[in-house]
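Residue-level listing of the chains:
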Amino acid sequence: MRQEVIYYGGDYNPEQWDRQTIIEDMHLMKQAGVTYVSVNIFGWKNIQPAAGVYDFTELDWLLDLLHENDIAIDLANGTASPPAWLVKQSPEVLPIDSFGRRLVHGSRQHYCPTSPIYRQAIQELTENVAQRYGSHPGVVMWHINNEYTCHVHQCFCDQCRQGFQAWLEEKYHQIDQLNQAWATTFWSQAYNDWQEIFLPEAMPTFKNPCQELDYKRFVSDMNLELFQIEKKAVLRHSQGIPIMTNLMGLHEHVDGFKWAQEMDVVSWNTYPNPRETLPYAQFLASDLTRSLKKQPFLIMEQATSAVNWRKINKRKVPGQMRLWSYESIAHGADGLMFFQWRQSQGGAEKFHSAMVTHSGKTDTRIYQEVAQLGNELAQLSELVGTDFVANVAIVFDWENWWALELDAKPSAEVRYIRQMMSIYQALREAHISVDFVHPTEDLSAYRLVIVQNLYLVSLENSQKLAQYVEAGGTLLVNFFSGIVNENDSVYLGGYPGAFKELLGIEVEEFSPLYPTETGRISYGGKQYPTMIWEEVVHLRGATALAKYESTDLVGMPAITCNKYGQGQAYYLSTQLDSSGYREVISQLLAEMAYEPIYDFLQTEDPAVSITYRESATAIYGFVLNYSQDKIEIQLKEEALDLLSAEVRSSTVEINASDLAILKFNK
Amino acid sequence: MRQEVIYYGGDYNPEQWDRQTIIEDMHLMKQAGVTYVSVNIFGWKNIQPAAGVYDFTELDWLLDLLHENDIAIDLANGTASPPAWLVKQSPEVLPIDSFGRRLVHGSRQHYCPTSPIYRQAIQELTENVAQRYGSHPGVVMWHINNEYTCHVHQCFCDQCRQGFQAWLEEKYHQIDQLNQAWATTFWSQAYNDWQEIFLPEAMPTFKNPCQELDYKRFVSDMNLELFQIEKKAVLRHSQGIPIMTNLMGLHEHVDGFKWAQEMDVVSWNTYPNPRETLPYAQFLASDLTRSLKKQPFLIMEQATSAVNWRKINKRKVPGQMRLWSYESIAHGADGLMFFQWRQSQGGAEKFHSAMVTHSGKTDTRIYQEVAQLGNELAQLSELVGTDFVANVAIVFDWENWWALELDAKPSAEVRYIRQMMSIYQALREAHISVDFVHPTEDLSAYRLVIVQNLYLVSLENSQKLAQYVEAGGTLLVNFFSGIVNENDSVYLGGYPGAFKELLGIEVEEFSPLYPTETGRISYGGKQYPTMIWEEVVHLRGATALAKYESTDLVGMPAITCNKYGQGQAYYLSTQLDSSGYREVISQLLAEMAYEPIYDFLQTEDPAVSITYRESATAIYGFVLNYSQDKIEIQLKEEALDLLSAEVRSSTVEINASDLAILKFNK
Amino acid sequence: MRQEVIYYGGDYNPEQWDRQTIIEDMHLMKQAGVTYVSVNIFGWKNIQPAAGVYDFTELDWLLDLLHENDIAIDLANGTASPPAWLVKQSPEVLPIDSFGRRLVHGSRQHYCPTSPIYRQAIQELTENVAQRYGSHPGVVMWHINNEYTCHVHQCFCDQCRQGFQAWLEEKYHQIDQLNQAWATTFWSQAYNDWQEIFLPEAMPTFKNPCQELDYKRFVSDMNLELFQIEKKAVLRHSQGIPIMTNLMGLHEHVDGFKWAQEMDVVSWNTYPNPRETLPYAQFLASDLTRSLKKQPFLIMEQATSAVNWRKINKRKVPGQMRLWSYESIAHGADGLMFFQWRQSQGGAEKFHSAMVTHSGKTDTRIYQEVAQLGNELAQLSELVGTDFVANVAIVFDWENWWALELDAKPSAEVRYIRQMMSIYQALREAHISVDFVHPTEDLSAYRLVIVQNLYLVSLENSQKLAQYVEAGGTLLVNFFSGIVNENDSVYLGGYPGAFKELLGIEVEEFSPLYPTETGRISYGGKQYPTMIWEEVVHLRGATALAKYESTDLVGMPAITCNKYGQGQAYYLSTQLDSSGYREVISQLLAEMAYEPIYDFLQTEDPAVSITYRESATAIYGFVLNYSQDKIEIQLKEEALDLLSAEVRSSTVEINASDLAILKFNK
């Protein structure tokens, strides 16, 4: 089953409306260019009103109606929220929070991921749904469950405790293997048998960090088991239709790389704050999600305007939704969906914007912008399946995220995503596109690989990075990387144990800064303020490119470069503010003689976003103007402006909050 | 039983003292002008020392002593705090908090409002107290329980869960009625039977809003049932004595209008922070409490100086207690009581000020001010029973308060009381007195009715408001009013659904502002900064009085006026800062050609408070000077200055922190 | 057993390392001047791997190895952290927190202090350890348990509830004695029997303050019972070796004075933030800990550089560790130990600095500084056992700390330690040394006694203070002292009831200030800003030295002096900022004609710390330079500079962050 058009539409929850409204929806959808809707995500109670009782009347009618109207169906198995009858019958499906409270029915997604009864119930439900609709001609995608771990990050029930003990036994086999990995000789923590182990629930003080880390792995794995149970149930009755669940971008609790292996398509739900002009976190998350499978992805949810769950929910101003939507396409999206089609009249999300507002009218600004975008996308089908173009990769690892942000570190200010953002934004402002890579991936295709606060890294993975450099690669490592192995156990003998040789340095001491403190480094004749972190670095083969200029670190190396095999490894031992970071990265890129793959589009303006996608025959340059003024972009070659259908030779003008998609022939 | 004098006195807890001190108290009370004391509020353990055992020795002696000394008795039934023996015998009387903890004996008011055992125990106790003292000649008031829901806003015990299920069944009759009201098709929440329903306790994410709203109604009702049980027990043994409980002014958890119907007299406990100069929240709460029955009320508790429960407890400076006391009289109080007569030596409230301080002396500033006020009030008996004068009404509805402040709204910055305060202060600074009205009340007597953030309004109540305007009334509605019905279900078809026709507008989008953001409107040739909220407003018959001057809203209507029947309906779509609000309200009042009932007293100074009370034959003008300087007020007619007993012809001078009560003949 | 050298070393947890590393440690320790290590603190699981099973193989080997290497052993009984097998077997050893959660195995010190099973287990373990090593020639100290109440400040289990009831019965004998002490007639709280009493767990509002106070006494006592059980078990098998546990300085939950009576030596663990230049809280805590027994103490733990448990853990810069270490010696320490010898590879404290870093190398700055200090201390053995010199005492009382910081006070800004710090710093900046005294101690040796916010004081103890003044002593009392007795019951008749006569004043009202507010007083022709607290003070025999200059207090007494018997009692009714406090204290000291015991060392610089220790034949002056510049100190007599071994006649120069120890002959 091949995707022919850019998917466009949204979550559709017609359980809330009468049939007349639904029939009117078909008309409005077509008018708005809708090609794809997600249904039945929260449909459990509707299709299984009681234990053992199924009623598909409404869903049958709906799927046929959608198909008749040529709207492709993303069909959910409907397992996201257990119905009240199940909870009453088996309260043990409810999760327990860190205060020991069971989280009850009345909102959504109130299940324990290890609950045998929940697992059995979703398997049964999924089999029934897949059996009925597994060959429905309108169904183009299976949507499994919804936003796993969105609300329940951890459960502390007895089922989870037993599950964790079993998971640990399967991982470590011998209890003394666990004792060693967890360093339990410290604080008299050692275990004689698996049943002695608790979940990392309330304790008098700092918890065993490796216990916490394993619990995070366990939570991700248990939820992945849910996905696998559901997927298997689908496959028993339905072949050839891609299967996925909607991820959440920069969401901590599921290991995206591990999950992506189980999915046919990756997608994510994006909700940047409309307060922002350039939501780099959204751009980063799109790049990350695309990178999970290195193939186009879907925006499975976004808002037409305001959401309802912030304290203050700003609306998107005219043009903002369109511009951000195209930024997703530019980063590799082959579909753009909204939550939701028609704004709810009641319930907890009634003030979340939708494609059709509470007014039900089509003359609203929101519906008009939705329809404009839908009709534009219909003209851009050639983009479907094209590849994103990048020759820089940033290493990303959920396990490192978990380990880095456990407590009792030198500084709680070193937050993984914030650090990722700082390098990502500096690169984007220099119009450099990036992929994200898991530490186990082959890196040979990349011109530059960046290791950002990779505190935890296995010896095996650090060796892969060394081999990449040895073979001629360029690596940029920043501070507090390569400190511990997969068990959160320090590499002894001098920091950063895993990268010391590769970097040709030794770090003797960490020197974190308070948020109110700054230091200074000098680089290329200019001084830059530092923040968050400094270090005592000794050269062990590397050369110093920049030096500290304050405190007792004066004159010590701050940025270093080490030749290693055919390549070179750079080290940045401190954090800079965003303008300093941009300048220093630019200098480092020049130092590395970095060159992009394509440079058809020329501008120095950091408020302009430039990316490329490519097919076998063409290169598509995306230029989005986030500045307040009209801009003029220089073209190196003649191109076709896809939105205006005009040919541009040397320059293209783009209004504020507008964009151009420029097609260059290969 | 008719009240002859302004009640003056306080809570009296002589259980803490020996008989000699109590006898000395009688002397001190009379010296201080005390005419009324509240006794036995926390007397349960004293009069019922164990199950089935009663001992009235001390209370008999005390009531006789008070009566002999001509001090009227406000007799509590003593049910506020269950004794330890009851808790030990029946721990299920204890409430459960949102963390699942039972709240134990050791402070006060530790009961679950639905507990059958607590209900039975307070009925038995009340019957015993009422039987013994129901005809005591000194008793002029029954004081039921104390500050219901002051500390325990919600209980999450199984008794409450069952009670809630029963309450819902009585309200909705059919489970599908509840499913529809609660919009349970969303998020697969629908119920098959009442026993599936939980209290709105801990859940993974946003709770069903109508479930939360119904639970708030339930809590208010369950506590009102307590009051009714106790009142009924009193009436079985005591007739002709008014029955009340002490309310708490701007307290969220009991529906004052509903409760007031069950009470003979309304009263409240007022504790503004002495840091404030003009405690508008106290003035507002007095107006609101008086409005619950539209009759004079009592200040049942206030502090002579500092309280003990803030982080920092400032004392009242010389004159402050007297001035604020008279402000209560000016707003319709017929009594002023303090917590408490004699400052406690031990326990949790020992640093709460009292009429007699820890020193036990009469030469203290506090006792001297108490005695001065008591002796002044003795000369003002003609005020008892006089009516408060107002021709402006503000709609107030506890159910709207609850609904408006549930989460998942466009902005959490729209807080009901803060919004009430902004209009109330603007009116008070213009020397305009207000009543508060419940949406179901007859409004025909009012010259102007204000609808402030009435997010939730039933269709029936919105029609009452339309009829008021149609018949010639003037209405001022502000933003985010008329959005949902009594089930928190949005009126579809365009905002504000309940008031769209009446106002002649349609709101397309809400545009909340961050606290750090401001916008601008222009009105009458002047610009004003906006905050918190703006909107996209379209005229549908109304005319624009003011326009937006910033962002993409430039030129759109900000304040509108619509002729409707014989009257007119104004709409204010944004929030102004306090000085802007004062000016805009003044302009709008001029636009409406608003005129007060009386204008005997003339001043432009917003730091001067002016109100009127009236009897059949006289009008009493109250002028309180909150400025730092002596002021001069112009009189339109000759008047008698009650406190000085002098006649004033054209002007009256009032010192800083002083006041005049000016009697004009009708 | 007499201590011959300054103890120097650290916690040693070799369970984490192999034998080869341990043998290498012996070499490194000797090189670093280590003379003393603490072992087996968290050794329970190692020596008792299962119920009834003991294995001393490794500990035998280790103690012999240490002894062979002349390293004295501080041997812990190892009871600090119950092993997992005990928790599994008897989960009731786990404490319950204020949310009702049991705190589980996985961090450390997870025991309920009243648990009979824990008590029996630690007795058995201690007997086994003491039997085996009670006569080991290397053992010079018994280290009982570890940092009692460090993490578990309170436990709310049923065992504790029953224990509390029993403790109360033993204290009060008759329930009505308790009712009177707790003032339970207020709020109907009175008890008929002990079993009705709860722990001060979650309640609807403010808890009975005397119940809270007694619970704090109970918690300190229950933990002290643990110490006594363990100590008794040691003494059954080991005589003549001092027994102690490590205290925590300014730690609220154990009553240091009461505990010190049970210990042979006092010690504490000090972890000031390296951000600070002059960590007065450390200096104060050293003075307090020394004062518990009025004899030299040990620093049982400090960090060589960063800790790991703050949000941001700064390193100690070069010289900082040495300077702060000598400050401890200067205040009476006879030993300096670090946590820990070798930095952990895994577990929760792996980023806590150590004497040997993760690098394992000796060329690190940290190891070099450690070794320098160790080798210097080896030359200073004559200081061991010398007395600290002070003639000023500040009254310190844990029970007052507990009572003062309960809620429902006039101001939550009056915090005991912060207030202590303000007077302490003012005295230290004037180079005045202080002892701390318990209110029951003999004060006759002191030239000046200071009573700082002694809110709670028994009548007996207040009379002791009066007798001290009567006999010629000088007393300085500050505000909110002498207010309640040992039951938190107010002394009636005028504040401060316990000191009114002695001070010759009466306080009519408290007037707390908000943090943003200041007042003013005038003293000696100069004005000073006030903060936190003011009062309405009346003279009743005293004379006013300073007056208020703001608000309605203008002209009222602010600082007073009263002649009482042969002495004089000063009263300071407000709080000053730190520079004002320094000046006012200096003026008051001049007013009192205060003179120090020794004044060999002359400087006005508040950034220089000066203290004295003395033996029978010599006086040792310590001068530590915390300023950024070299200083010059005037000597009144010739002295030997111990660190340089040079004789100084009239002046001594000291570099920034350096010190001199000057020996004057008697």
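Residues numbered from 1 in each chain as written. Chains lettered and ligands numbered in written order. Predicted model: local features only at pLDDT ≥ 70, side-chain atom pairs only at ≥ 80, totals over all residues. Heavy atoms only, no water.

## Quick word on empty space enclosed by the protein
For the largest cavity, the calculated volume is near 270 Å³. The wall of the largest cavity is formed by 23 residues, among which Tyr-495, Glu-508, Glu-509 and Phe-510 of chain A together with Gln-343 of chain C lie closest to the centre. At six residues, the largest contribution of residues to the lining of the largest cavity is made by strand E14 (residues 505-512) of chain A. For the lining of the largest cavity, the class distribution of residues is nine nonpolar, 10 polar and four charged. (1 Å grid on protein atoms, 1.4 Å probe; cavity = no way out; pocket = protein on both sides within 12 Å on 5 of 7 lines; lining within 4 Å. Points joined across faces, edges and corners; volume = space filled by probe spheres on them. Helix = DSSP H or I, 4+ residues; strand = E, 2+ residues; numbered from the N terminus. Nonpolar A, V, L, I, M, F, W, Y, C, P; charged D, E, K, R; others polar.)

## Topic: the layout of surface pockets
As a volume, the largest pocket reaches approximately 1,200 Å³. Looking at the lining of the largest pocket, the elements with two or more residues in it are helix H6 (158-172) and helix H7 (175-181) of chain A together with helix H1 (19-31), helix H2 (44-47) and helix H3 (57-68) of chain C. The class makeup of the residues in the lining of the largest pocket is 17 nonpolar, 20 polar and nine charged. Taken together, domain 1 (158-213) and domain 2 (392-591) of chain A each give at least three residues to the lining of the largest pocket, which thus spans both. (Domains from an automatic or database assignment.)

## Thoughts on the packing of helix H11 (residues 320-330) of chain A against helix H12 (residues 365-377) of chain A
Residues and elements named next belong to chain A. At their nearest, the axes of H11 and H12 sit 10 Å apart, and the two run at 30° to each other. For the element pair H11 / H12, the angle class is roughly parallel. The way H11 lies across H12 gives a crossing that is right-handed. Residues Met-321, Arg-322, Ser-325, Tyr-326 and Ile-329 of H11 form the contact with H12, whose participating residues are Glu-369, Val-370, Gln-372, Leu-373, Glu-376 and Leu-377. Within the contact of H11 with H12, the residues separate by chemical class into six nonpolar, two polar and three charged. (Axes fitted to C-alpha atoms, helices over the stretch in contact; angles between N-to-C directions. Parallel < 35°, antiparallel > 145°, perpendicular 65-115°, else oblique. Left-handed = near helix turned anticlockwise from the far one by under 90°. Contact = heavy atoms within 4.5 Å.)

## What about the sheet that holds strand E27 (residues 646-648) of chain A?
Residues and elements named next belong to chain A. Strand order in the open sheet made by the six strands is E9-E23-E24-E29-E26-E27, with antiparallel pairing throughout. A single partner strand is all that each edge strand has here, and the edge strands are strand E9 (387-388) and E27. Pairing between strand E26 (residues 639-641) and E27: three bridges, direction antiparallel. Following the sheet pairing, Asp-641 is matched in E27 by Glu-646. Contacts from H11 reach E9, strand E23 (608-614), strand E24 (618-625) and strand E29 (659-665), with the element oriented near 150° to E24. (Pairing = 2+ DSSP bridges.)

## Some words on the pattern of salt bridges
Scanning all chains against the criterion turns up 113 salt bridges over all chains. Among the ionic pairs, Arg-217 of chain A bridges to Asp-214 of chain A, the shortest N-O distance being 2.9 Å. Here Asp-214 of chain A and Arg-217 of chain A lie together in helix H8 (residues 209-235), a separation of three residues that amounts to about one turn. As far as the burial class goes, Arg-217 of chain A and Asp-214 of chain A line up, both buried. Taken together, the salt bridges that share partners define one network made up of Arg-315, Arg-365 and Glu-369 of chain A together with Glu-509 and Asp-552 of chain B. (Salt bridge = Lys/Arg side-chain N within 4 Å of Asp/Glu carboxyl O. Buried < 20%, exposed > 50% of the residue type's maximum accessible area, 1.4 Å probe, protein only.)

## Quick look at the pairing of strand E2 (residues 36-39) of chain A
Residue and element names in this part refer to chain A. The alternating pattern of E2 places Tyr-36 and Ser-38 on one face and Val-37 and Val-39 on the opposite face, and all of these are buried. The pairing of strand E1 (residues 7-12) with E2 spans four bridges and is parallel. Residue pairing in the sheet places Tyr-12 in a bridge with Val-39 of E2. The parallel pair E1 and E2, bridged by helix H1 (residues 19-31), forms a crossover whose chirality is right-handed. Where E2 and strand E3 (residues 72-76) come together, four bridges link them in parallel fashion. Bridge pairing links Tyr-36 to Ala-72 in E3. (Right-handed = clockwise from strand over helix to strand, strands pointing away.)

## Describing the interface of chain B and chain C
Each partner contributes residues to the interface: chain B has 60 residues there, and chain C has 58 residues. Each partner contributes to the roughly 5,000 Å² buried at the junction of chain B and chain C, and carbon and sulfur atoms together form 57% of this total. Broken down residue by residue, the surface that chain B buries against chain C is led by Ile-312, Arg-315 and Phe-351 of chain B, which jointly contribute 15%. Counting across the interface, chain B meets chain C through seven salt bridges. (Buried area = accessible area lost by both parts, 1.4 Å probe.)

## Concerning the interface of chain A and chain C
Contacts between the two partners involve 58 residues from chain A and, on the opposite side, 60 residues from chain C. Around 4,900 Å² of area is buried between chain A and chain C when both sides are counted, 57% of it from carbon and sulfur atoms. Three residues, Phe-186, Trp-187 and Tyr-514 of chain A, lead the burial of chain A against chain C; their summed loss comes to 15% of the area buried on that side. There are seven salt bridges connecting chain A and chain C. Counting the contacts that link chain A with chain C gives 30 residue pairs in polar contact (both at pLDDT 80 or more). If you list the elements that add at least two residues to the side of chain A that touches chain C, you get H8 and E14 of chain A. With six residues, E14 of chain A is the single largest residue contributor to the side of chain A that touches chain C. Considering only residue class, the side of chain A that touches chain C consists of 30 nonpolar, 15 polar and 13 charged. (Polar contact = N/O pair within 3.5 Å; in protein donor to acceptor, adjacent residues only side chain to side chain.)

## Focus on the relation of the copies chain B and chain C
Turning chain B through 120° and shifting it by 0.0 Å along the axis lays it on chain C, with an RMSD of 0.1 Å. Such a turn and shift between the copies fits a three-fold axis. In terms of C-alpha distance to the rotation axis, chain B has Phe-99 of chain B as its closest residue, with the C-alpha 4.0 Å off the axis. A different interface surface on each copy is seen, since only 2% of the contact residues of chain B are contact residues in chain C too. (Least-squares fit on C-alpha atoms with pLDDT ≥ 70 in both.)

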